[in-house]
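# Observations on the model geometry
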Amino acid sequence: MRLPSLRIIAISALVAGATSLAPAYAKDPMVGGAAMYATKNIIQNAVNSKDHTTLVAAVKAAGLVDTLQGAGPFTVFAPTNEAFAALPKGTVDTLLKPENKDKLTKVLTAHVVAGKISGAEMIKKAKAMGGKYEMKTVSGDTLTAEVKKGKLYIMDESGGEARVTIADVNQSNGVIHVVNKVLLPK
């Protein structure tokens, strides 16, 4: 596999014909135009990503900054700005209103799993469990990891699926996996 830069995290096939993936690690991977430092926590890194300004605003509105700066560890499936923009018109504005803080918190915590789970670990567990690996979120919902056509996907209980576009962005208090869709609780 040829990488244009050591600062890119990619997911590639390990074995020809097998449905397994392994991340290509970079020291300080780039996300949203900014280096993500393993020595910083989830919030300290996320605020620098131009691709995650909506997520950061939502985390602030929900009052989850202190939690995600805590010791963790946490596995966060981080939707991009484009993922939020793909929601029905007005959804984000509605969720950001103070009277909808509980709903916003539910949506955001449905993207967080206690513990630090790498992309390779999700794939390994999915293979060992017949192709799917279920993870309980902080909100009490279930996310399911599955490999499809050589790509890692995360499914929510509502039937939505998000593709992991950047895996294993390590943080001092966990790991971030960038996803291309917002996962919704049931």
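Look a little higher up for the structure.
Rules of the game
Residues numbered from 1 in each chain as written. Predicted model: local features only at pLDDT ≥ 70, side-chain atom pairs only at ≥ 80, totals over all residues. Heavy atoms only, no water. Buried < 20%, exposed > 50% of the residue type's maximum accessible area, 1.4 Å probe, protein only. Helix = DSSP H or I, 4+ residues; strand = E, 2+ residues; numbered from the N terminus. Contact = heavy atoms within 4.5 Å. Salt bridge = Lys/Arg side-chain N within 4 Å of Asp/Glu carboxyl O. Core = buried A, V, L, I, M, F, W, Y, C linked by side-chain atoms within 4.5 Å. Pairing = 2+ DSSP bridges. Axes fitted to C-alpha atoms, helices over the stretch in contact; angles between N-to-C directions.

## Focus on helix 2 (residues 53–62)
- Three or more residues of helix 2 are buried, namely T54, L55, V56, A58, V59 and A62.
- The secondary structure elements touched by the buried residues of helix 2 are helix 1 (42–46), helix 3 (65–68), strand 5 (74–79), helix 4 (81–85), helix 5 (91–95) and helix 6 (101–109).
- Directly after helix 2, the chain includes G63, whose backbone phi takes a positive value near 75°.

## Thoughts on the pattern of salt bridges
- Under the criterion given, the structure shown has 3 salt bridges.
- One salt bridge connects K125 with E121, and the closest N-O pair in it is separated by 3.2 Å. Linking K125 with E121, this pair stays in helix 7 (residues 119–128), spanning 4 residues, or about one helical turn.
- Residue classification places K125 among the partly exposed residues on the basis of a relative accessible area of 30%.
- Judged by relative accessible area, E121 falls into the partly exposed class, the value being 28%.
- Of the charged contacts, one joins E161 and K148 as a salt bridge, the two residues approaching to 2.6 Å between their closest N and O atoms. You can see E161 sitting in strand 10 (residues 161–171) and its partner K148 sitting in strand 8 (residues 142–148), a full 13 residues away along the chain.
- On the basis of relative accessible area, E161 is assigned to the partly exposed category, the value being 34%.

## Looking at the nonpolar core
- Counting 26 residues, the largest nonpolar core has V59, L68, V76, L108 and I176 as the members making the most contacts within it.
- Here this core gets 4 residues from one element, more than from any other, and that element is helix 2.
- In this view, V59 contacts I43, L64, V65, L68 and L108; residues no more than four positions away in its chain are not counted.
- With 18 residues, the next largest nonpolar core counts L143, V147, A162 and V164 among its residues.

## What about the sheet that holds strand 11 (residues 174–179)?
- Overall, mixed pairing links the 7 strands, which are arranged 6-5-11-10-9-8-7 in an open sheet. Strands at the two margins of the open sheet, each flanked by one partner only, are strand 6 (112–114) and strand 7 (132–136). Each strand axis lies, on average, 30° off the axis of its neighbour in the sheet, ignoring direction.
- As paired strands, strand 9 (residues 151–155) and strand 10 are joined by 3 bridges and run antiparallel to one another. Looking across to strand 10, one finds that M155 is bridged to E161.

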